[in-house]
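So the chains spell out like this:
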Amino acid sequence: MASETNNKDQEENLLKYKVLEIPDTILYIPNFISEQEEKDLLDHVYSAPKPKWTHLSNRRLQNWGGLPHPKGMVAENIPQWLKIYTERIAKLGIFAGQTPNHILVNEYLTGQGIMPHEDGPLFYPTVTTISLGSSTVLDFYHHLNQCVQTSSETTSSSLENRHLTSIFLEPRSLIVVKDAMYESYLHGIDQRQEDEITDKIANLSHCQDVTTGDIRSRTTRVSLTIRIVPKVLKNKLFFGKKA
Ligand SMILES: O=C(O)CCC(=O)C(=O)O
(Lines give C-alpha, C1' and ligand atoms only; values in the text may rest on other atoms or scores of the structure.)
Protein backbone atom coordinates (compact mmCIF):
# COMPACT_ATOMS: atom_id res chain seq x y z
CA MET A 1 0.00 0.00 0.00
CA ALA A 2 2.79 2.40 1.02
CA SER A 3 4.66 1.69 -2.19
CA GLU A 4 1.48 2.23 -4.24
CA THR A 5 1.17 5.67 -2.62
CA ASN A 6 4.83 6.33 -3.38
CA ASN A 7 4.33 5.43 -7.04
CA LYS A 8 1.33 7.74 -7.26
CA ASP A 9 3.29 10.59 -5.62
CA GLN A 10 6.20 10.04 -8.02
CA GLU A 11 3.88 10.09 -11.04
CA GLU A 12 2.26 13.31 -9.83
CA ASN A 13 5.66 14.92 -9.22
CA LEU A 14 6.65 14.13 -12.80
CA LEU A 15 3.48 15.57 -14.32
CA LYS A 16 4.96 19.07 -14.46
CA TYR A 17 7.60 17.77 -16.88
CA LYS A 18 5.09 16.21 -19.27
CA VAL A 19 5.13 17.68 -22.77
CA LEU A 20 1.51 18.46 -23.62
CA GLU A 21 -0.39 18.45 -26.90
CA ILE A 22 1.51 15.50 -28.32
CA PRO A 23 0.75 11.78 -27.95
CA ASP A 24 1.70 10.20 -24.59
CA THR A 25 4.34 10.33 -23.16
CA ILE A 26 7.38 12.56 -23.21
CA LEU A 27 8.81 14.03 -20.02
CA TYR A 28 11.39 16.79 -20.42
CA ILE A 29 13.44 17.72 -17.34
CA PRO A 30 15.76 20.72 -17.85
CA ASN A 31 18.94 20.84 -15.72
CA PHE A 32 18.61 17.23 -14.62
CA ILE A 33 22.36 17.37 -13.94
CA SER A 34 24.57 20.28 -12.85
CA GLU A 35 27.31 21.94 -14.93
CA GLN A 36 29.95 20.21 -12.78
CA GLU A 37 28.29 16.82 -13.34
CA GLU A 38 28.18 17.51 -17.08
CA LYS A 39 31.90 18.31 -17.06
CA ASP A 40 32.74 15.18 -15.03
CA LEU A 41 30.69 12.98 -17.36
CA LEU A 42 32.39 14.43 -20.45
CA ASP A 43 35.82 13.91 -18.83
CA HIS A 44 34.97 10.24 -18.20
CA VAL A 45 33.57 9.69 -21.70
CA TYR A 46 36.72 11.15 -23.27
CA SER A 47 39.05 9.24 -20.92
CA ALA A 48 37.63 5.86 -22.01
CA PRO A 49 40.17 3.63 -23.76
CA LYS A 50 40.19 4.05 -27.56
CA PRO A 51 38.80 0.53 -28.27
CA LYS A 52 35.69 1.44 -26.27
CA TRP A 53 34.60 3.61 -29.22
CA THR A 54 32.65 2.14 -32.13
CA HIS A 55 32.94 4.33 -35.22
CA LEU A 56 29.90 4.71 -37.47
CA SER A 57 29.65 6.81 -40.61
CA ASN A 58 27.80 9.67 -38.93
CA ARG A 59 28.74 9.40 -35.25
CA ARG A 60 30.71 7.31 -32.76
CA LEU A 61 29.47 5.47 -29.71
CA GLN A 62 30.36 3.57 -26.54
CA ASN A 63 28.33 0.73 -24.99
CA TRP A 64 28.37 0.38 -21.21
CA GLY A 65 26.72 -2.51 -19.34
CA GLY A 66 27.19 -4.97 -22.23
CA LEU A 67 26.26 -5.35 -25.86
CA PRO A 68 22.49 -5.77 -26.39
CA HIS A 69 21.82 -8.97 -28.37
CA PRO A 70 18.60 -10.83 -29.31
CA LYS A 71 19.85 -13.89 -27.39
CA GLY A 72 20.55 -11.78 -24.31
CA MET A 73 23.15 -9.28 -23.19
CA VAL A 74 26.26 -10.53 -21.43
CA ALA A 75 26.14 -8.07 -18.57
CA GLU A 76 29.27 -6.09 -17.75
CA ASN A 77 29.86 -3.97 -14.66
CA ILE A 78 28.70 -0.39 -14.99
CA PRO A 79 31.37 2.02 -13.70
CA GLN A 80 30.50 4.19 -10.71
CA TRP A 81 30.61 7.41 -12.77
CA LEU A 82 27.61 6.11 -14.74
CA LYS A 83 25.90 4.23 -11.89
CA ILE A 84 25.21 7.56 -10.19
CA TYR A 85 22.87 8.37 -13.08
CA THR A 86 21.28 4.94 -13.59
CA GLU A 87 20.35 5.12 -9.89
CA ARG A 88 19.17 8.74 -10.04
CA ILE A 89 16.94 7.87 -13.00
CA ALA A 90 15.65 4.70 -11.29
CA LYS A 91 14.48 6.91 -8.42
CA LEU A 92 12.12 8.75 -10.79
CA GLY A 93 10.00 5.58 -10.70
CA ILE A 94 9.65 5.24 -14.47
CA PHE A 95 11.17 1.76 -14.76
CA ALA A 96 8.72 -0.19 -12.57
CA GLY A 97 11.18 -0.39 -9.68
CA GLN A 98 14.11 -1.57 -11.82
CA THR A 99 17.46 0.16 -12.32
CA PRO A 100 18.69 0.69 -15.90
CA ASN A 101 21.45 -1.75 -16.88
CA HIS A 102 22.63 -0.25 -20.14
CA ILE A 103 24.06 3.09 -21.26
CA LEU A 104 24.73 4.00 -24.87
CA VAL A 105 27.01 7.00 -25.29
CA ASN A 106 26.65 8.74 -28.65
CA GLU A 107 28.95 11.52 -29.79
CA TYR A 108 27.72 13.80 -32.58
CA LEU A 109 30.06 16.35 -34.13
CA THR A 110 28.49 19.51 -35.55
CA GLY A 111 26.42 18.47 -38.57
CA GLN A 112 26.05 14.83 -37.51
CA GLY A 113 22.81 13.08 -36.54
CA ILE A 114 21.00 9.78 -36.39
CA MET A 115 18.55 8.43 -38.98
CA PRO A 116 14.93 8.01 -37.95
CA HIS A 117 14.58 4.63 -36.24
CA GLU A 118 12.80 2.82 -33.45
CA ASP A 119 14.67 1.30 -30.53
CA GLY A 120 13.09 -2.10 -30.96
CA PRO A 121 12.39 -5.17 -28.85
CA LEU A 122 15.81 -5.53 -27.17
CA PHE A 123 14.86 -2.79 -24.72
CA TYR A 124 12.22 -2.15 -22.06
CA PRO A 125 9.86 0.33 -23.73
CA THR A 126 10.97 3.43 -21.84
CA VAL A 127 14.09 5.32 -22.85
CA THR A 128 15.87 8.14 -21.03
CA THR A 129 18.57 10.39 -22.47
CA ILE A 130 20.87 12.93 -20.83
CA SER A 131 22.34 15.53 -23.23
CA LEU A 132 25.85 16.93 -22.73
CA GLY A 133 27.74 19.75 -24.44
CA SER A 134 25.33 21.02 -27.09
CA SER A 135 21.65 21.40 -27.73
CA THR A 136 19.97 19.57 -30.58
CA VAL A 137 16.50 18.83 -31.91
CA LEU A 138 15.04 15.33 -31.67
CA ASP A 139 12.39 14.71 -34.33
CA PHE A 140 9.55 12.20 -34.22
CA TYR A 141 7.99 10.69 -37.35
CA HIS A 142 5.09 8.50 -38.33
CA HIS A 143 6.02 5.10 -39.73
CA LEU A 144 5.78 4.89 -43.52
CA ASN A 145 2.67 2.72 -43.38
CA GLN A 146 0.88 5.31 -41.21
CA CYS A 147 0.96 7.88 -44.03
CA VAL A 148 -0.63 8.19 -47.42
CA GLN A 149 2.15 8.72 -49.97
CA THR A 150 2.16 9.65 -53.60
CA SER A 151 4.67 7.90 -55.86
CA SER A 152 6.27 11.24 -56.84
CA GLU A 153 7.39 12.09 -53.28
CA THR A 154 11.12 11.92 -52.69
CA THR A 155 12.42 10.29 -49.51
CA SER A 156 13.21 13.61 -47.90
CA SER A 157 9.87 15.22 -48.70
CA SER A 158 8.07 12.12 -47.52
CA LEU A 159 10.01 12.34 -44.26
CA GLU A 160 8.83 15.92 -43.98
CA ASN A 161 5.26 14.74 -44.50
CA ARG A 162 5.71 12.11 -41.83
CA HIS A 163 6.95 14.60 -39.20
CA LEU A 164 4.91 14.42 -35.96
CA THR A 165 6.70 16.72 -33.52
CA SER A 166 10.14 17.79 -32.31
CA ILE A 167 11.72 18.22 -28.91
CA PHE A 168 14.51 20.72 -28.19
CA LEU A 169 17.17 19.00 -26.07
CA GLU A 170 19.26 21.38 -23.97
CA PRO A 171 22.58 20.36 -22.48
CA ARG A 172 22.12 18.78 -19.00
CA SER A 173 18.47 17.92 -19.69
CA LEU A 174 16.84 14.52 -19.38
CA ILE A 175 14.19 13.33 -21.82
CA VAL A 176 12.00 10.33 -21.02
CA VAL A 177 10.15 8.69 -23.92
CA LYS A 178 7.56 5.99 -23.24
CA ASP A 179 4.08 4.70 -24.14
CA ALA A 180 2.90 5.55 -27.69
CA MET A 181 5.77 7.99 -28.30
CA TYR A 182 8.15 5.06 -27.78
CA GLU A 183 6.10 2.33 -29.39
CA SER A 184 4.36 3.96 -32.35
CA TYR A 185 6.78 6.52 -33.80
CA LEU A 186 10.30 6.79 -35.16
CA HIS A 187 12.81 9.26 -33.75
CA GLY A 188 15.93 10.79 -35.27
CA ILE A 189 18.27 13.78 -35.34
CA ASP A 190 18.67 15.60 -38.64
CA GLN A 191 22.23 16.18 -39.86
CA ARG A 192 22.64 19.95 -39.74
CA GLN A 193 24.87 22.68 -38.32
CA GLU A 194 22.18 24.68 -36.52
CA ASP A 195 18.59 24.43 -35.41
CA GLU A 196 15.88 26.96 -36.08
CA ILE A 197 13.44 27.16 -33.20
CA THR A 198 9.95 26.84 -34.70
CA ASP A 199 6.48 26.11 -33.41
CA LYS A 200 7.03 22.48 -34.45
CA ILE A 201 9.02 22.12 -31.20
CA ALA A 202 6.57 20.92 -28.55
CA ASN A 203 8.55 21.55 -25.34
CA LEU A 204 9.51 25.24 -25.69
CA SER A 205 7.60 26.21 -22.54
CA HIS A 206 9.79 23.74 -20.56
CA CYS A 207 13.06 25.17 -21.90
CA GLN A 208 15.23 27.74 -20.15
CA ASP A 209 15.88 30.52 -22.61
CA VAL A 210 14.62 29.75 -26.10
CA THR A 211 12.05 31.52 -28.24
CA THR A 212 10.50 30.84 -31.61
CA GLY A 213 12.69 32.33 -34.32
CA ASP A 214 16.01 31.74 -32.48
CA ILE A 215 18.81 29.96 -34.31
CA ARG A 216 20.89 27.63 -32.13
CA SER A 217 24.27 26.50 -33.46
CA ARG A 218 25.22 22.92 -32.77
CA THR A 219 28.60 22.06 -31.29
CA THR A 220 29.77 18.59 -30.28
CA ARG A 221 27.01 16.82 -28.38
CA VAL A 222 27.38 13.70 -26.28
CA SER A 223 24.24 11.86 -25.24
CA LEU A 224 23.80 9.14 -22.65
CA THR A 225 20.87 6.90 -23.55
CA ILE A 226 20.04 5.03 -20.38
CA ARG A 227 17.62 2.10 -20.49
CA ILE A 228 16.91 -1.49 -19.54
CA VAL A 229 17.90 -4.54 -21.54
CA PRO A 230 15.55 -7.10 -19.97
CA LYS A 231 17.20 -10.22 -21.40
CA VAL A 232 20.53 -10.71 -19.69
CA LEU A 233 22.84 -13.74 -19.77
CA LYS A 234 24.68 -14.43 -16.54
CA ASN A 235 27.68 -15.95 -18.22
CA LYS A 236 29.42 -15.77 -21.59
CA LEU A 237 29.40 -19.60 -21.76
CA PHE A 238 25.66 -19.56 -22.41
CA PHE A 239 26.32 -17.86 -25.72
CA GLY A 240 26.04 -20.23 -28.66
CA LYS A 241 24.35 -22.99 -26.63
CA LYS A 242 20.96 -24.18 -27.81
CA ALA A 243 18.14 -22.88 -25.58
O1 LIG B 1 21.35 11.04 -29.05
C2 LIG B 1 20.15 11.00 -28.84
O3 LIG B 1 19.55 11.85 -28.18
C4 LIG B 1 19.31 9.90 -29.46
C5 LIG B 1 19.99 8.59 -29.47
C6 LIG B 1 19.16 7.51 -30.06
O7 LIG B 1 18.14 7.72 -30.65
C8 LIG B 1 19.60 6.12 -29.95
O9 LIG B 1 20.72 5.89 -29.49
O10 LIG B 1 18.83 5.23 -30.34
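Thresholds applied
- In every chain, residue numbers begin from 1 and rise along the written sequence.
- It should be noted that, the model being predicted, local features are given only for residues of pLDDT at least 70 and side-chain atom pairs only at 80 or more, the latter also being counted only at that level, while totals for whole chains, interfaces and linings use all residues.
- Calculation of side-chain values draws on the structure's entire complement of heavy atoms; hydrogens and water are dropped beforehand.
- UniProt positions are given in the numbering used here, feature names are shortened, and annotations may be inferred rather than shown by experiment.
- For this description, a residue counts as near a given molecule or strand if any of its non-hydrogen atoms is within 4 Å of it.
- By the criterion applied in these results, polar contacts are pairs of N or O atoms within 3.5 Å in which, for protein atoms, one can donate a hydrogen and the other can accept it, and in which residues neighboring in sequence qualify only through two side-chain atoms.
- Working definition: helices are DSSP H or I runs of at least four residues, strands are E runs of at least two. Numbering for both runs from the N terminus.
- Following the grouping adopted for this structure description, the nonpolar residues are Ala, Val, Leu, Ile, Met, Phe, Trp, Tyr, Cys and Pro, the charged ones are Asp, Glu, Lys and Arg, and the polar ones are all others, Gly among them.
- When DSSP finds two or more bridges between two strands, those strands count as paired.
- Only the stretch in contact is used when fitting a helix axis, every axis being a line fitted to C-alpha atoms; angles between N-to-C directions are given from 0 to 180 degrees.
- Working rule for helices: expected span equals 1.5 Å times residues minus one.
- Exposure is judged per residue with a 1.4 Å probe applied to protein chains only, and the accessible area is read against the type maximum: over 50% gives exposed, under 20% gives buried, and values in between give partly exposed.
- This arc corresponds to the set of directions leading from the helix axis out to the C-beta atoms.
- The contact criterion used throughout is that any non-hydrogen atoms of two residues lie within 4.5 Å.

Taking an unreviewed UniProt entry as the reference, the protein is identified by name as Fe2OG dioxygenase domain-containing protein belonging to Patella caerulea. Listed under Sequence similarities (unreviewed entry) in UniProt, the entry text for the protein is "Belongs to the alkB family." Turning to the protein, the UniProt record has this under Subcellular location (unreviewed entry): "Nucleus".

(A) Fine view of the site of the ligand. Taken together, the residues surrounding the ligand are Leu104, Asn106, Tyr108, Ile114, His117, Asp119, Thr129, His187, Ile189, Arg221, Ser223 and Thr225. Asn106 is positioned with one of its side-chain polar atoms (N or O) 3.1 Å from an oxygen atom of the ligand. At a separation of 3.3 Å, an oxygen atom of the ligand approaches a polar side-chain atom of Asp119. Within the residue set of the shell around the ligand, elements represented by two or more residues are strand S5 (102-108), strand S6 (114-117), strand S11 (185-189) and strand S14 (221-227). Residues that form the shell around the ligand fall into these classes: 4 nonpolar, 6 polar and 2 charged.

(B) Looking closely at the sheet that holds strand S8 (residues 136-142). Strand order across the open sheet formed by 4 strands is S6-S11-S8-S9, with antiparallel pairing between neighbours. Two strands close off the open sheet at either side, each with one partner strand: S6 and strand S9 (163-169). In this sheet, neighbouring strand axes are inclined to one another by 20° on average, regardless of whether the strands run parallel or antiparallel. Strand direction decides the pairing type here: S8 and S11, joined by 4 bridges, are antiparallel. In the sheet register, Phe140 faces S11, and the bridge partner there is His187.

(C) Structural view of helix H2 (residues 35-47). In this model, H2 (13 residues) spans 18 Å end to end at C-alpha, consistent with the 18 Å of a helix rising 1.5 Å per residue. Those residues of H2 not exposed but buried are Glu37, Glu38, Leu41 and Val45. Around the axis of H2, the buried residues are gathered within 100° of arc, so they sit on the same side. Away from the buried face of H2 by more than 90 degrees, exposed residues Glu35 and Ser47 are located. Structurally, H2 contributes buried residues whose contacts are with strand S3 (60-64), helix H3 (80-90), S5, strand S7 (126-132) and S14.

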